[in-house]
Every structure is written in structure tokens, then in C-alpha cells.
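Below, each chain spelled out in residue letters.
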Amino acid sequence: MPETISVTINGAAQHVAAGTTVAAAMLIAGQPTRVSVSGERRAPLCGMGICFECRAVVNGIAHRRTCQIQCEHGMTVETNP
Amino acid sequence: MTGDTNRTDVLVVGAGPAGIAAATAAARHGLKTIVLDDNPSAGGQIWRDAIANPHAKKEAARERAIQSLRASGAQLLSGRSVFAADATGAVWAAREGGPQEEFRYQSLILATGARERFLPFPGWTLPGVFGAGGLQALVKGGYPVAGKRVVVAGTGPLLLAVAKHLAEDGAKVVRIVEQAPLKRLMSFAASLATNPAKLLEGLRFRPRAPYSTGCWVTEAIGATEGQKLSAVRISGGVKTWSEPCDLLAGGYNLVPNTEIAELLRCAFRGSFVRVDDSQRTSVPHVFCVGEPTGIAGLDAALVQGEIAGLACAGKSDAALTRRAAQGRAFADRLEKAFALRDELRSLPHADTIVCRCEDVPAGKLRDRLSWTDAKLQTRCGMGPCQGRVCGPAIEFLMQWRPVSVRQPILPVPMQAFFPGTTAAESAAQTETESIEERV
Amino acid sequence: MRASGSFDILVIGAGIVGSAIAREGAQLGWRVGVVEAGTPAGGATAAGMGHLVVMDDSPAQLALTAYSRSLWRSDAANLPTAVEYESCGTIWVAADDEEMAEVDSRQRLYAQTGVTASVLNPEELARLEPNLRPGLAGGMLVPGDGVVYPPAAAGFYLAEARRMGAELFLSRAVAASHGEVRLSDGSRLSAERIVLAVGAECDLLPALPVQKRKGHLVITDRYPGFVRHQLVELGYLKSAHKITDDSVAFNIQPRQTGQLLLGSSRQYDNDDRAIDTEMLARMIQRAEEYIPGLRGLSVLRTWTGFRAATADKLPLIGPAYGLSDDSTLWLAVGFEGLGITNAPGAARLLVDCMQGRESAISIDPYLPARLMEPARLAHA
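Reading the values: the criteria
Starting from 1, residues in each chain are numbered consecutively following that chain's sequence as written. Going through the entries in the order they are written, you letter the chains from A and number the ligands from 1. The predicted origin of the model limits local features to residues at a pLDDT of at least 70 and limits the giving and counting of side-chain atom pairs to 80 or more, whereas totals for whole chains, interfaces and linings rest on all residues. Only hydrogens and water are removed before side-chain values are computed, so all heavy atoms of the structure are retained for them. Numbered from the N terminus, helices here are DSSP runs of H or I no shorter than four residues, and strands are runs of E no shorter than two. Radius of gyration: C-alpha atoms only; globule rule: 2.2 Å multiplied by the number of residues to the exponent 0.38. Any two residues whose heavy atoms approach within 4.5 Å at even a single point are treated as in contact. A 1.4 Å probe defines the accessible area here, and the buried area is the portion of it lost by two parts on being joined, summed over both. Salt bridges are defined as contacts in which a side-chain nitrogen from Lys or Arg sits within 4 Å of a carboxyl oxygen from Asp or Glu. N or O atoms within 3.5 Å of each other form a polar contact, as long as, within protein, one can give a hydrogen and the other can take it, and as long as residues adjacent in sequence are counted only when both atoms are side-chain atoms. Residues are sorted three ways: Asp, Glu, Lys and Arg are charged, Ala, Val, Leu, Ile, Met, Phe, Trp, Tyr, Cys and Pro are nonpolar, and all the rest, Gly among them, are polar. Criterion used throughout: strands pair if DSSP finds at least two bridges between them. Fitted lines through C-alpha atoms serve as axes, helices being fitted only where they are in contact, and the angles separating the N-to-C directions of these axes extend from 0 to 180 degrees. Throughout, exposure labels follow a simple rule: accessible area from a 1.4 Å probe, protein chains only, divided by the maximum for the residue type, with under 20% read as buried, over 50% as exposed, and the rest as partly exposed. Throughout this description, any angle smaller than 35 degrees is read as roughly parallel, any larger than 145 degrees as roughly antiparallel, any in the 65 to 115 degree range as roughly perpendicular, and the remainder as oblique. Surface patches are defined over residues having more than 30% relative accessible area and no salt bridge, joining like charges when they lie within 9 Å and nonpolar side chains (Val, Leu, Ile, Met, Phe, Trp, Tyr) when within 5 Å. Only the protein chains shown count as cover for residues, and all accessible areas are computed by the Shrake-Rupley method using a 1.4 Å probe. Counting rule applied: Lys, Arg positive; Asp, Glu negative; His and chain ends not counted. The location of each charge is read from NZ of Lys, CZ of Arg, CG of Asp or CD of Glu.

(A) Examining the overall build of chain A more closely. For chain A, the count of helices and strands is 1 helix and 7 strands. Ordering the α and β elements of chain A from the N terminus gives β-β-α-β-β-β-β-β. Against the globule reference of 12 Å for 81 residues, chain A gives a C-alpha radius of gyration of 12 Å, in line with a compact fold. With respect to the three principal axes, the spread of C-alpha positions in chain A is 40 × 25 × 20 Å. Here the analysis covers contacts within chain A between residues at least 6 apart in sequence; of these, 40% occur between residues at least 24 apart.

(B) Looking closely at the interface of chain B and chain A. Listed by partner, the interface residues are 40 residues for chain B and 33 residues for chain A. Looking at the side of chain B facing chain A, the largest losses of area belong to Leu138(B), Arg356(B) and Asp359(B), adding up to 17% of the total buried there. Linking chain B to chain A there are 2 salt bridges. Between Arg356(B) and Glu53(A) there is a salt bridge; the shortest N-O distance is 2.5 Å. At the junction of chain B with chain A, the criterion picks out 10 residue pairs in polar contact (both at pLDDT 80 or more). Every element with two or more residues in the side of chain B that touches chain A is listed here: β7 (114-116), β8 (129-130) and α3 (132-140) of chain B. Of the residues that constitute the side of chain B that touches chain A, the class distribution is 21 nonpolar, 11 polar and 8 charged.

(C) Geometry of the sheet that holds strand β13 (residues 227-235) of chain B. Residue and element names in this part refer to chain B. If you walk across this open sheet you meet the 3 strands as β12-β13-β14, and the pairing is antiparallel. Two strands in the sheet have a free side with no partner beyond their single neighbour: β12 (216-224) and β14 (240-244). Along the sheet, successive strands turn relative to each other by an average axial angle of 30°, direction set aside. Two strands pair when backbone bridges link them, and β13 and β14 are joined in this way by 5 bridges, in the antiparallel orientation. Residue pairing in the sheet places Val 232 in a bridge with Glu 243 of β14.

(D) Spotlight on the environment of Phe338(B). All names here are of chain B. In this structure, Phe 338 sits in the loop between α9 (318-337) and β20 (353-355). The buried category is assigned to Phe 338, whose relative accessible area is 4%. Taking the C-alpha atoms as reference, Phe 338 lies 14 Å from Gly 297; in sequence the two are 41 residues apart. Not counting chain neighbours up to four residues away, the residues in contact with Phe 338 comprise Thr 155, Gly 156, Pro 157, Glu 178, Gln 179, Ala 180, Arg 184, Leu 185, Phe 188 and Asn 253.

(E) Local environment of the packing of helix α3 (residues 59-75) of chain C against helix α9 (residues 339-355) of chain C. Residues and elements named next belong to chain C. At a minimum axis distance of 7 Å, the contact between α3 and α9 shows a crossing angle of 90°. What the angle tells us is that α3 and α9 run roughly perpendicular. Contacts between α3 and α9 involve Leu 64, Thr 65, Tyr 67, Ser 68, Arg 69, Leu 71 and Trp 72 from the first element and Ile 340, Thr 341, Asn 342, Ala 343, Pro 344, Gly 345, Ala 346, Arg 348 and Leu 349 from the second. Looking at the contact of α3 with α9 residue by residue, the classes come out as 9 nonpolar, 5 polar and 2 charged.

(F) Molecular detail of a negative patch on the surface. Residue and element names in this part refer to chain C. Taken together, Asp 96, Asp 97, Glu 98 and Glu 102 make up a surface patch of like negative charges. Within the fold, Asp 96 resides in the loop between β4 (90-94) and α4 (97-112). Among the residues examined, Asp 96 registers a relative accessible area of 34% and is labelled partly exposed.

(G) Structural view of the side chain of Ser72(B). Topologically, Ser72(B) is positioned in helix α2 (residues 60-72). With near-sequence residues (within four places) excluded, Ser72(B) lies in contact with Ala23(B), Thr24(B), Ala27(B) and Arg28(B).

(H) Representation of the environment of Thr79(A). Residue and element names in this part refer to chain A. Counting through the fold element by element, Thr 79 comes out in strand β7 (residues 76-79). Note: C-alpha distance between Thr 79 and Val 57 (22 residues apart in sequence) is 6.1 Å. For Thr 79, the residues in contact, after removing those within four places along its chain, are Asn 10, Met 26, Pro 32, Thr 33, Arg 34, Val 35 and Val 57. Here Asn 10 takes part through its side chain, which lies 2.8 Å from a polar atom of the side chain of Thr 79.

(I) Local environment of the pairing of strand β1 (residues 4-9) of chain A. Residues and elements named next belong to chain A. Only one face of β1 is covered, namely the one carrying Ile 5, Val 7 and Ile 9; the face carrying Thr 4, Ser 6 and Thr 8 has none of its residues buried. A loop of 2 residues connects β1 with strand β2 (residues 12-17), the two strands running antiparallel in sequence, and Asn 10 in this loop sits at a positive phi of about 45°. Pairing analysis gives 2 bridges linking β1 to β7, with the strands arranged parallel. Bridge pairing in β7 places Thr 8 opposite Thr 76.

In C-alpha cells form, the structure reads like this:
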């Protein structure tokens, strides 16, 4: 069995396999990564660090590209306002 | 900039197939070689590792290439985003949470790959709408698609490769929608007999899903207002229909990542970096390999990479040169076969968002004079993606010429502009992040 | 009936100053033409910060900035949202007691001109701007200052002028004298008056005593509330005043989008548009000395621009008499870093002068004739 990692996404615990990107974890949790300038809920588009739709707040730091970051134990992730 | 300097004979930017081949060839000939890559592990997009799934089939070609790179003595520095370069032979990279690192080279090899071209259509900003390669990358990053109904749409050989991989991961690929007409695809396929078979891993895959050629997605429909995809609207020109689905994986072929080449003022031919038979650009000591020189796929990338690596060591190989020429011919045919149809220009409605970063709708662009005018007056392309998504779309939709690139070529933390670490620290960190730990 | 191609006034340059003049002229019912070689608002206007600020480098500078800022404020309700006008105020930040000592006298000077300003002690400064580092000596708040997004402001002026009948010619003026402007496409336009409202790059009047002063700017991603006022170090005047040495100063602006615009640098004798990485690093480090939290913020873009500087740091507004014997030629150039602030004021002064009408403030200190001797900026 692969190792399981626990992160907190918008206040709720989410368990994912080790190596899972934060972007994938947010998709699994059904949470938008960011809210757009005009208020739309957005999810990742390109998956490779180009489109910046996967920006979220990771451990308190805004505008992180979550498709380029792997989940770590105890990480907190929030939708980028 | 005053960052600490790493000097090397050969600096390779990008650790996809082309970059790996280039670094391996250069290092094998005794040149000190450093590879910078912005991903957590080597392989680029086509060889992206499925870290979250240890049971995933390892791609043999990737494993072999990385073994060779490891044996060559080249140093791979992952997690480095190159954000600036100048004509004096300096390249600056940002690292998560760290100051900038400065690299100085005798030869620079740009192996920066390609990204998907996205075209805007109503509903394309809904969650559930992904790039084709984008969804595949997210699946490799741990997003499960088993049991999900997926429409794969757009254009290019990538669609079939993506459909195949998604099906292997348990997705129900309900339809593949290819905008190119069947006639053009048939003549393209017929021309492939003369090419190395691997070039077309995708096209040789016979999808179980219906394959609709000469068709395109006109709209993504949400189940509830602004939430979650429930269906896509597909058109074949005359006939249109709805296809219920959970996910859309859509992309209109690839566009090259040429920002560093533009910063260095390399000459272009169209959208691609112009190179000679040794992969030299118009700028002395700067080479370019792989998709930025023309979208030609994996085999061409490997060949071009090896040619450039050898050229850095003052060597050449006639057989490789011949294969590279074949690759260029293939790229030209590929471009013609999957040329975008005019109908795609009329997909966005006035209120369809074109620039997703700044939420600029198509209607606001119609009266603008140029890209620069649109940027200044509407903020289009002024967000964090710096026009990487809307830029190629706007070139197609409005036929505006792109504007010049400036550093930083992607957003970096302010501290990336601060002086770097000391020489001792830098050496130590290079040691600990040598290739054994990272690939 | 006038022939087509004949104007009361032809403005060369569709930056913010030229566009403001076009609007003023069109409002008077004049037949106005505007000639722009590049993208409207695409030169110094696009490169600038858009800080609407009262500055007191000289009495004449104080008079013009205070007057022009009052015009911005009275026009605020008419500005479309895209102009992003915010009356956020400026805080001049004092790093030490020496800088703080200047604040009282400056506040009195502002009061004499009718400009409200208040002195901030260190606690008040920290309360208003919690992201400034502790240990600063205080500052001066000028609440009536503001910010705009300059390309949209210039675009609004130009659109207003065109709505009232002004014509825009997207072409390069290759010659402009004695009531005639020749365009690069070969066509000719004639006018009672020609106004050069150009930046630092203009070959139409070689005697123009204007020099390029290169600047860098940085813009971040969106961090709403991180900074609430335009913050400028009090040492800014000192460093901006130097007309020979390259210098940097802390100057940060909160955009309505939540983005932060960070300046500033000044370089003479530098024609290169490229980012100067040393200057950029110096500028960012200077800012970080005031706001340590900047370190982790994401930078989206950097760019450079050229301020059009004059020897006495005042713009040239009025007839070109003294620099040219062409009585049809008028100037509105040399605004250095204050083109956005001073555009409406300069436009009003110029049009008043053309009409022989008295202005709210005297135009004399800005008349080009003051630089009758072929002016040359000091070199070290």
C-alpha cells in the first residue's frame, strides 16, 4: 500500500497517496483552487505550471501553483481568494 | 544581478527528452554540464512521472534515458524556474523559498518544450474543463479518473495518446473530437510510413471511443450555474449535439515555450526558434532543441538534443543530421494536417472570457488596435500567466502580433531578485541535490 | 468652410498630456486632431506609476501639482471605473529623526497652498501601515493624493475628445512646423496651432531641452490590503533631486486590483530599454528595508520607461517661442515623473494661454522661453 498523507483543504481533512500534487488533492476534495477576478470558481487547466489557474494558498502563502507542489503531512491549503 | 555564480561548460534548460539527450551527450564528452528543470522530477511533460501511483507502468524509454543521464555525470538541478537571461552568458533561476541562483555557461541549450494551445469557447472556465495533456498530468499527479465520463477534444496526435492513457486509468472516454477533417488525417497517416514509428504512438492507438473528425466542441455546459461540467455541445458544421460527460480534456495542439529564446533575441521563423543543422540559434553559444524549433515529437527531440550536446563538444554525426531533417519534414506535415479551421474563431461569444487571469471577455477585445493596446486598455494578458494561455489564442482569434518578452518570464517571489547564497552554500546544495537524489 | 485636414489644433502625441489637451480643445468646440506614432498611451504614460501627488521640490512645482491634483479630484466622479481612481493618500515615510525634522516645515508649506497634510508619529504610522517595519520615525499623510491607472485615464481623455469630434491619426509625424504636419504616409495636415505633447523621444524639434531619465517598475500579484496608501520615503526628494547620479528610492503603490506597484529608480545617460538587473535588485532591496514582508510576494512583471526631464525639473508648457521662431508651435513636454499628476493642469494652462485667458495659476514658471539659452542639463 502506498503511504497516505493527510492535508487540510479549506478546513477539512483530506487523505491522499504520497506523491499526490496539491492540485490533485483539491480536485479530489471538490474544492476550487481559486476564485477569479469576476468571482468564478476555478480549477486547474494545464496541469504543468503554465496557466496559473491552480493557484491556492498553501501554508498561508497565496498564489502558489499547486500543480507543481506535492502534498506534505499537515499542509494547510485554502482556495485563493 | 549579484547572485552567486555557478559556472559550467554546458547549461541545459529543461529536463524533458530533448534536454536529457543534450546533457547526456555533452557530459559524455567530458564537458561540465548542468541541467535546470522546473519540475520536481525529470522527464518533462511527455515523460512525466506518476509519483502518486507506484503501480503505474514505468515507461522504458524514460527509464533508459534517465539511466544514461545519471551515468554521464551531468548534474540535474530540479525545482529551478529560469526567470531571466541576458546576452552576457548569464541565466538566473528561482528556487522555492530561496534567493536567485546565477549560472554562467560556455554553451546554453534551450530545451524548454511546449505547452497546449487553448482556444476560448463558452463554458471553458468551468471546473471539469481541463487541457488534454493537462488532465493527463493531473492524473499522474494523483487525481483519479476511474469511472468518469471524459470527452477528449481539440486537435493533434496528443488527443489520441491522452485518450489511451485516460482509458488505461479507468476513465470512460465517451468520445474523441478532432477538428481536422478526415481527408487531411488520412493523407497525413499515409505519409507516416516513411517515418520512425514511435513518432506516432498516438495515431497508432485505435480508440474504442467514437472518433469524430471534422468536429469541435462549441460549449461546455454546467450542471448548475457556474458549477461542475455536465455536458459539452459538439458541432460538425451542419450537425450539432450534446454529449453528457463529467470531464472535458481539450487542447488544440501545442505551442512552443520560447520565452528564454525571445529574451536572448534569438531569430525566429514564424513561432519557432530558427536553428541550423547543429541546432545553433542566431545567437552565439545558444542552441535550441525539441519543440521550440518545431512541433515534431519525441524522436525528433531526442535526435536534436544529441546533436546539440555533441556540437558543444565540437562533434557531429551524419546519421543524426539525416534523422533531424526527417523530423523537420514531419513537423511541417504535422502542422498542415492539424491546421486550425476558421470556424474556431467564432466560438467565443462577446461575454466569453478570453484572458482567464484577468477575466477579459472577447467583446472587450474587438475594438482594440493591437496586442499592446489590448493589454493597456483591457488588462488582457497582464495576469500571472503572462499571456501564456490567452496569447496563442489571441494570435489565432485576432491575428495580432505578439509583443516582446521581458524578465521575469514567469512570476517569481520578490526575493528571487536578491543576491544569492554564498559560494560554499551553493556548492554544498549542488552536492546534496545531485542527480541520484532527484530523479 | 475649412478644407478637410485643417484643424484648429493638432496634438502630436496621444499620451496622457496630449489626450488631456485634445479633450480641453474639443470641449471648446475646436477642431482637434491627434497624431500618434505608436500605441495611444503606450509610451511614458504606460510606463508610469499613476501617482497623483503634490510635490514641493520648488514653489512652481508645488503650485502646478496642487492645481492639477484639484482638477483630478473635481473630475473624479466622471472617471470610468477602468481608470481605477482611488483617493488613497500618500504617506511620506521618515526613516529617522533627521527626516522627521523636515516634516513639520513641509506640512506648514502644504497648508499655505491649501493642501491638507498631517504629521504621523511612529505609532500612527504603524497603525495605518502595519507591514512597514518597526522602528521608523513617523511620516506625513497627504490624504488628498491618489492613484489612477494611467493608460485607462489617457484612453478616457482621448475617447472623450473623439466623442466631441476630435480625429485620431495613427501615423508618425515626420515634420511639424509653420502650421503643417507631414505624416509618414505622405499626407499633410494643417492647423492654426501644433502642440508637441511627446515624451523623451522626439526628433521634431532638435532644440527641445529634454533628457531621458530611465526608471524601473515592478508589479506584483494581488495582495489586497497589504499596503493602503502610496508610501514614499522622505529621502525620495533627496534622491530624485540629484540630476547626475543613478539612484533608487522606496516608493510603493496599492492598485485598486490589490496589486502592488513598486518603484523607483532614476538613471541618466541610459538609452537602453532593457531591464538593468543591478538597478532592479537595488530598488527592490531598498523597498525591503521598509517592508520586510515584500520578500515573499510574487512579482508578475518588471519594465522600464523614460521620464522626459528638464534642467530645472519643471515642464515646458506654452508657445515654443525662444526654442523656435515658429509661432504656430506650442509645447507640453518635459513632465519627468509628474506627467500623470500634471496632465489636466497643463492642458488647462495651455488652452487658457492659447485663448489669452487668465489661468487659475500663473503659467510663467513653465513657459519654454525661460530656457531660451539652449539649455543643457548638468553633467557630473
